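Close look at the chain arrangement
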Amino acid sequence: MLGPDQRAKRTGRARTLAQVYRHFGEVDAAGTSPLYERVAVALSESDEALRAAEKAPARKRHPKVILAALHDLAIAGRAPALAKAYAASDGDAAAAAAIDTLLRMTEAVVAVAVRRQTRTGETGRCAVLYPAIAEAARRVGANAVGLIDVGSPAGLNLNVDRVGITYSNGQSLGDPSSPVRLSCGVVGDRPIPTKAIPEVVARIVVDRDPVDVADTDDARWLRACLAPDQPELAARLDAELALSATTPPLLLRGDPVEVLPDAFARVPADALPVVTTTWALSTFPVERRLRFLDRLREASAGRAVAWVSAEGVGVAPEIPTLGDRRASGHSIVGLAVFERPALHAEAVGRCWSRGRLLAWLADS
């Protein structure tokens, strides 16, 4: 997947680091995080701060990475002035403290940036996954499932059966007593299937760099990847982390395509393995996506296997695109059931905004 600098080169010339930070503040953060909007613009105007950011490897200088590293230090209590400014949502004070922290603690900021990968929010995706996983189990007649999540390092998708989901049409799924509550808008007139997910007997994360939700440093980093002025997202993340920590998933580290056979082997023989991918396959080259599909076929030699996906139009191999154009602003919810020798792949829905809106399409 192209990074910000590579994308800029394709459009003509590479942006300077100052332009990258200003664009992040005025475009990317605008409307979602006024605090980061102010901080990023201030960093773009500070030659000293930019020189400090340049101490990091080129791929680690992006504002998402540097701001997350600064936030991590603030949460850890190592940058108290920055933490205080963030807590007060004081943009001017936060900008000044961020520059001061970056200058005084350059080595610490760079060390965090180099060690970590920025994480996009995984919360909220369960509203899309739940009905598709339940439908997979129904079609196979499974009384138990083993969930294998690929490409979401913290494995929060694996909470899918333990969260409470409310849809805008009045339907609800999951656990109504759960401390994690999600909401999702429904597009169109077709109702969401009400079938419940059967017993989950395995929860497995497959990722190159999985996050241990029970580890204090890993959990803090997930929080640090959120902007400080997004308290609702932070509260939901904390609730999901606490829920995951009650039954931590099995973490399998490595190339997902190579690790998948091990993951299938960890699912009890009498359970349906359900692989989930949510906006993960776009990071795979096309040939790796096809190899991923081959792994699913290979695993189905001895039993049924299901794959539930929420990916951009045309990203998930074998999942129909419904005639939709790529980069059309929505994603396709796919359901593929491998029962050797047959593969039944269907687009069961469309979704928007990483799971905030869902249009269910399949007959159930």
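You'll find the structure just up there.
Bear in mind the structure is a predicted one, so any value in this text is a computation, not a measurement.

How each quantity is defined
Residues numbered from 1 in each chain as written. Predicted model: local features only at pLDDT ≥ 70, side-chain atom pairs only at ≥ 80, totals over all residues. Heavy atoms only, no water. Helix = DSSP H or I, 4+ residues; strand = E, 2+ residues; numbered from the N terminus. Rg over C-alpha atoms; globule rule 2.2 N^0.38 Å. Buried < 20%, exposed > 50% of the residue type's maximum accessible area, 1.4 Å probe, protein only. Contact = heavy atoms within 4.5 Å. Salt bridge = Lys/Arg side-chain N within 4 Å of Asp/Glu carboxyl O. Pairing = 2+ DSSP bridges. Right-handed = clockwise from strand over helix to strand, strands pointing away. Phe/Tyr/Trp six-rings, centres within 6.5 Å; stacked < 30°, edge-to-face > 60°. Axes fitted to C-alpha atoms, helices over the stretch in contact; angles between N-to-C directions. Lys, Arg positive; Asp, Glu negative; His and termini not counted. Polar contact = N/O pair within 3.5 Å; in protein donor to acceptor, adjacent residues only side chain to side chain. Parallel < 35°, antiparallel > 145°, perpendicular 65-115°, else oblique. Left-handed = near helix turned anticlockwise from the far one by under 90°. Nonpolar A, V, L, I, M, F, W, Y, C, P; charged D, E, K, R; others polar.

This next bit is on the overall build of the protein. The secondary structure content of the protein amounts to 13 helices and 11 strands. Here the protein has a C-alpha radius of gyration of 21 Å; the compact-globule value for 364 residues is 21 Å, and the two agree. The buried share among the 364 residues of the protein stands at 54%. Of the contacts formed within the protein by residues at least 6 apart in sequence, a portion of 70% connects residues at least 24 apart.

Where charged atoms of side chains with opposite charge meet at close range, the side chains can pair. For the coordinates displayed, the defined rule picks out 24 salt bridges. A salt bridge links Asp324 to Arg350, with the nearest nitrogen and oxygen atoms 2.8 Å apart. Of this pair, Asp324 sits in the loop between strand 8 (305-312) and strand 9 (331-339) while Arg350 sits in strand 10 (residues 342-352), and the two are 26 residues apart along the sequence. Overlapping salt bridges, with partners in common, bring together Arg208, Asp255, Glu258, Arg288, Arg291, Arg295 and Glu298 in one network.

What follows covers the pairing of strand 7 (residues 272-278). With 7 of its 7 residues buried, strand 7 lies for the most part within the structure. On strand 7, burial covers both faces: Leu272, Val274, Thr276 and Thr278 on one face and Pro273, Val275 and Thr277 on the other are all buried. Sheet analysis places strand 1 (residues 144-150) next to strand 7, joined by 6 bridges and oriented parallel. Counted as the bridge partner of Val145 is Leu272 from strand 7. In terms of strand pairing, strand 7 meets strand 8 through 5 bridges, oriented parallel. Paired with Thr277 across the strands is Ser309, a residue of strand 8. For the crossover from strand 7 across helix 13 (residues 286-299) to strand 8, the handedness is right-handed.

This part takes up the packing of aromatic side chains. In this structure the tally under the stated criterion is 2 aromatic pairs. Both rings, one in Phe292 and one in Trp307, keep their centres 5.3 Å apart while their planes meet at 75 degrees; by these two values the pair is edge-to-face. Placement of the pair is Phe292 in helix 13 and Trp307 in strand 8, with a sequence separation of 15 residues. For the pair formed by Phe292 and Trp307, the shared burial category is buried.

Turning our attention to the sheet that holds strand 3 (residues 172-174). Pairing within the open sheet is mixed, and its 11 strands lie in the order 3-2-4-11-10-9-8-7-1-5-6. Each edge of the open sheet carries a strand with a single partner, namely strand 3 and strand 6 (250-253). Averaged over all pairs of adjacent strands, the angle between their axes in this sheet comes to 25 degrees, without regard to strand direction. Note that strand 10 and strand 11 (residues 357-360) share 4 bridges and pair antiparallel. Bridged to Arg350 within strand 11 is Ala359. The sheet contacts of helix 9 (residues 126-140) involve strand 1, strand 2 (164-167), strand 3, strand 4 (181-186), strand 7, strand 8, strand 9, strand 10 and strand 11, and relative to strand 9 the element is tilted by about 25 degrees.

Before going further, it helps to examine unusual backbone geometry. With the exception of glycine, most residues fall at negative phi, and the peptide bonds are largely trans. Residue Ser89 is not a glycine yet carries a positive backbone phi of 50 degrees. Topologically, Ser89 is positioned in the loop between helix 6 (80-87) and helix 7 (91-104). The exposure class of Ser89 is partly exposed, given its relative accessible area of 47%. Backbone geometry at Glu318 places phi at a positive 80 degrees, although glycine is not the residue there. The exposure class assigned to Glu318 is partly exposed, which follows from its relative accessible area of 46%.

Attention now moves to the side chain of Asp149. Residue position: Asp149 is located in strand 1. Buried and unpaired, Asp149 has Arg125 as its nearest opposite-charge partner, separated by 6.6 Å. A polar side-chain atom of Asp149 sits 3.4 Å from a polar atom in the side chain of Ser152. Leaving out residues up to four positions away in the same chain, Asp149 has contacts with Gly155, Asn157, Leu158, Ile204, Val205, Val206 and Thr276.

Before going further, it helps to examine the packing of helix 5 (residues 63-75) against helix 8 (residues 106-115). Where helix 5 meets helix 8, the closest approach of the two axes is 9 Å, and the angle between their N-to-C directions is 115 degrees. It follows from the interaxial angle that helix 5 and helix 8 lie roughly perpendicular. Regarding helix 5 and helix 8, the two cross each other, and that crossing is right-handed. Here helix 5 contributes Val65, Ile66, Ala69, Leu70, Asp72 and Leu73 to the contact with helix 8, which in turn contributes Ala108, Val109, Val112 and Ala113. Considering only residue class, the contact of helix 5 with helix 8 consists of 9 nonpolar, no polar and 1 charged.

Turning to the environment of Ala85, a few remarks are in order. Here Ala85 is to be found in helix 6. Placed 211 residues apart in sequence, Ala85 and Leu296 show a C-alpha to C-alpha distance of 49 Å.

Let us look at the packing of helix 2 (residues 17-28) against helix 5. At a closest axis distance of 10 Å, the pairing of helix 2 and helix 5 adopts a crossing angle of 75 degrees. When the axes of helix 2 and helix 5 are compared, the pair comes out roughly perpendicular. Here Val20, Tyr21 and Phe24 of helix 2 lie close against helix 5, whose contacting residues are Pro63, Lys64, Ile66 and Leu67. Split by residue class, the contact of helix 2 with helix 5 holds 6 nonpolar, no polar and 1 charged.

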